[in-house]
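Secondary and tertiary structure notes
Listed below, chain by chain, are the residues.
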Amino acid sequence: MIVEDYKKVWANCLEIIKDTLGPENRKAYETWFVPIKPLQLEGTTLIVQVPSHFFYEWLDTHYIDLLRRVIRMQLGTSGMLKYSVMMDQTINGDPITTTLPSQARNAVRNPLTDIPVNINKENTRAIPDPFILPGLNKQRINSQLSPNYTLENFVEGDCNRLARSAGYAVAEKPGQTSFNPLLLHSNVGLGKTHLANAIGLKTKEMHPDKVVLYVTSEQFMAQYAQAGRDGTTNDFIRFYEQIDVLIIDDIQFWSGKGQKTQEAFFHIFNHLHQRGCQIIITSDKAPGELQGLEPRLISRLKWGLNADLQAPDVETRKRILRQKLQNDGIEMSDEVVEYIAYNINTNVRELEGALISLMAQSSLNHKQITLELTKQMIDKYVQSNAREITIDYIQKVVCDYLQLPVETIQNTSRKREIVQARQLSMYFAKKITKSSLAVIGMQCGNKDHATVLHACKTIDNLRQTDRHMRAMVDELEKKLKE
Ligand code: ADP
Ligand code: MG
């Protein structure tokens, strides 16, 4: 290809553009097209230089169709336009020039016009194509954060206190705490995605100038593969290297696959970490148990803070339910909330699921949400979602039976009926749950394992010698397993 070709191509384009815009748009032509400088032709890709980011954005929003048409007229259907912007920001002190491929690359064809039309940009959860915006004006990067998962509506409890406050610290000083990377791990449905998203939102609120990006590990991997196919791996990496707070959700997805993706991420990780940028990662396993992940990546994950999210206890579950109800402007009696909180104890997602089913039931059948309706619904829900009997639940059933407030289990009272309630709870916890004696003791009034053992023996003995006691224990056991 002759060196001057690119100039010729652009000159032809300009002529068509001028013609199309007509004399009435002469000013626009002079403002937006004359300053564009052709730089080079790479195959059927014309690279042009534009004076600023703003300039690029303007072209992109107002003239993309026209540009695409003329480029295709000149260079055929595979014709593309790439923009080069002299960046005014500097990274590591070096000014860099970034190439911005035109939208055409991400276009799908409209069979009617044979002019590519853009993929729907409104889909906010779709990842912004990293190849469209590298190096662009920082605010333009869509952070992919959901406005609904905030730190304010992430209910705090013993189960998540450490992770939540570490999250807050990170949002306050992204990259500047020792929690870098911050790794959040837990079983499913316990709030990893919510909390990671919330940290992103809080960071943006406190530091509007920071570039935050949330991406699932699956999206990251798909993009990386696409970049490989398009020969734009460098753009991909450069795009990620300009993020200030990078959130990667569900990193376990890479286990046993995506070795190249992991390598790319490793480089990005190092680059960001060195620049003092914040990395937040979620995983359904602790780093030590993440098999099939690159060892050097695992070792990086151990650098910062690993915070786990536990299943919430019953009080936290109640608060979560109340908050969801308040958000939706729905009223429910305390007994209904309690019933749900005691019976759905696997994870928060299930808790929400049960609440939604209940509300749907009530509105579809125009029924009031009564305790009766709740029981029917929740029992069905629980049956199909395998219930686990917890120590909390045992305490509740025992105390209801003995007509004691459930809190009394936790106090230090030596009153006979309270001691008995505590002993019965320990007995059933030992019999029905998989919890260790130490855990049972801790949850039943902060006692040690010897006390639990003693309680179990006492109840066993009484059951054999005392008819009333036997009737009560059997009755309670039936209730618990209902
Ligand atoms: P994970 O990513 O761990 O699977 P999610 O973050 O998707 O879990 O949480 C599942 C659901 O539970 C979400 O709707 C989330 O808002 C809710 N949730 C989890 N933990 C809490 C919490 N502490 N407070 C309020 N909502 C929560
Ligand atoms: Mg998640």
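Here the structure is shown first, and the text comes after it.
The sections below set out a description of the structure shown in this document. Note that the structure is a prediction, hence the values are computed from the model and not measured. Sequence positions are assigned chain by chain, starting from 1 and proceeding in written order. Chains and ligands are labelled by the order in which they are written, letters from A for the one and numbers from 1 for the other. At least 70 in pLDDT is required for a residue's local features to be given in this predicted model, at least 80 for side-chain atom pairs to be given and counted, and no such filter applies to totals for whole chains, interfaces and linings, which use all residues. Derived side-chain values reflect all non-hydrogen atoms in the structure, with water molecules and hydrogen atoms excluded from consideration.

1. Some words on the environment of Glu263
Secondary structure follows DSSP: runs of H or I at least 4 residues long count as helices, runs of E at least 2 residues long count as strands, and numbering of each begins at the N terminus. The residue Glu263 is located in helix H9 (residues 259–274) in this model. According to the relative accessible area criterion, Glu263 is partly exposed, its value standing at 30%. For Glu263 and Arg296, which are 33 residues apart along the polypeptide, the C-alpha to C-alpha distance reads 9.5 Å. Each residue gets one of three labels from its accessible area relative to the maximum for its type: buried under 20%, exposed over 50%, partly exposed in between, using a 1.4 Å probe on protein chains only.

2. Some details on the site of ligand 1
Residues are classed as near a molecule or strand on a simple rule: at least one heavy atom within 4 Å of it. Taken together, 19 residues form the shell around ligand 1, and within it Val155, Gly189, His194, Arg349 and Glu352 come nearest. At 2.8 Å, a backbone N or O of Val155 approaches a nitrogen atom of ligand 1. We call two N or O atoms a polar contact when they sit within 3.5 Å, provided that within protein one can donate a hydrogen and the other can accept it, with sequence-adjacent residues counted only if both atoms are side-chain atoms. In this structure, Thr193 approaches ligand 1 through a side-chain N or O atom, which is 2.8 Å from an oxygen atom. In the complex, the protein chains occlude 93% of the 560 Å² of accessible area that ligand 1 would expose alone. Among the elements of the structure, helix H6 (192–206), helix H11 (314–327) and helix H13 (348–364) are those that each provide at least two residues to the shell around ligand 1. Polar here means any residue other than Ala, Val, Leu, Ile, Met, Phe, Trp, Tyr, Cys and Pro, which are nonpolar, and Asp, Glu, Lys and Arg, which are charged; Gly is therefore polar. Of the residues belonging to the shell around ligand 1, the class tally is seven nonpolar, eight polar and four charged. All accessibility values rest on the Shrake-Rupley procedure with a 1.4 Å probe; residue burial counts only the protein chains present in the view.

3. Section: the packing of helix H16 (residues 416–432) against helix H19 (residues 467–481)
Note on geometry: axes are lines fitted to C-alpha atoms, helical ones only across the stretch in contact, with angles between N-to-C directions running from 0 to 180 degrees. Packing of H16 against H19 leaves a shortest axis separation of 12 Å and a crossing angle of 55 degrees. As far as their axial angle goes, H19 and H16 are oblique. With respect to the hand of their crossing, H16 and H19 are arranged in right-handed fashion. Residue-level contacts link Gln420, Leu424, Tyr427, Phe428, Lys431 and Ile432 of H16 to Met469, Met472, Val473, Leu476, Glu477, Leu480 and Lys481 of H19. Taken together, the residues of the contact of H16 with H19 break down into nine nonpolar, one polar and three charged. Geometric relationships in this document are graded by angle, where less than 35 degrees denotes roughly parallel, more than 145 denotes roughly antiparallel, 65 to 115 denotes roughly perpendicular, and other angles denote oblique. Crossing chirality is assigned from the near helix's rotation relative to the far helix, an anticlockwise turn below a right angle marking it left-handed and a clockwise turn marking it right-handed. By definition in these notes, contact holds between two residues if any of their heavy atoms fall within 4.5 Å.

4. As for the side chain of Thr150
Relative to the assigned elements, Thr150 resides in the loop between strand S6 (116–118) and helix H5 (161–172). Among the residues examined, Thr150 registers a relative accessible area of 18% and is labelled buried. Non-local contacts of Thr150, meaning those with residues more than four positions away in its chain, are made with His194, Ala198 and Leu201.

5. Digging into helix H1 (residues 5–21)
Helix length check: H1 (17 residues) gives 24 Å between terminal C-alpha atoms against 24 Å at 1.5 Å per residue, within 8%. When H1 is considered as a whole, its buried residues turn out to be Tyr6, Val9, Trp10, Cys13, Leu14, Ile17 and Leu21. Along the axis of H1, the buried residues cluster in a sector spanning 140 degrees; they form a single face. Looking at H1, the residues exposed on the side facing more than 90 degrees away from the buried face are Lys8, Glu15 and Asp19. Those residues of H1 that are buried are in contact with helix H2 (26–32), strand S1 (37–42), strand S2 (45–50) and helix H4 (64–75). Residue Gly22 follows H1 closely and has a positive phi angle near 75 degrees. Each helix should span, by expectation, one fewer than its residue count multiplied by 1.5 Å. Relevant arc is that of directions from the helix axis to the C-beta atoms, nothing else.

6. Some thoughts on the sheet that holds strand S7 (residues 182–185)
An order of S8-S9-S10-S7-S11 is seen for the five strands of this open sheet, with the pairing classed as parallel. Two strands bound the open sheet, and with one partner strand each, they are strand S8 (212–216) and strand S11 (305–308). Ignoring strand direction, the axes of neighbouring strands in this sheet form an average angle of 15 degrees. Two strands pair under a simple rule: DSSP has to find at least two bridges between them. In the sheet, strand S9 (residues 245–249) pairs with strand S10 (residues 278–283) via four bridges, with the strands oriented parallel. Residue pairing for S10: Ile247 is matched across the bridge by Ile280.

7. Quick word on the pattern of salt bridges
Here a salt bridge means any side-chain nitrogen of Lys or Arg lying within 4 Å of a carboxyl oxygen belonging to Asp or Glu. The tally for this structure, following the rule as stated, stands at 18 salt bridges. Between Lys318 and Glu315 there is a salt bridge, with its nearest N and O atoms 3.2 Å apart. One end of the pair, Lys318, and the other, Glu315, are both in helix H11, three residues apart, so they sit about a helical turn from each other. Assessed through its relative accessible area of 38%, Glu315 is described here as partly exposed. A salt bridge links Glu477 to Lys481, with the shortest nitrogen-to-oxygen separation between them at 3.4 Å. Placement of both Glu477 and Lys481 in helix H19 is noted, with a separation of four residues, approximately one turn of the helix. For Lys481, a relative accessible area of 53% puts it in the exposed group.

The values are spatial; any link to function lies outside them.
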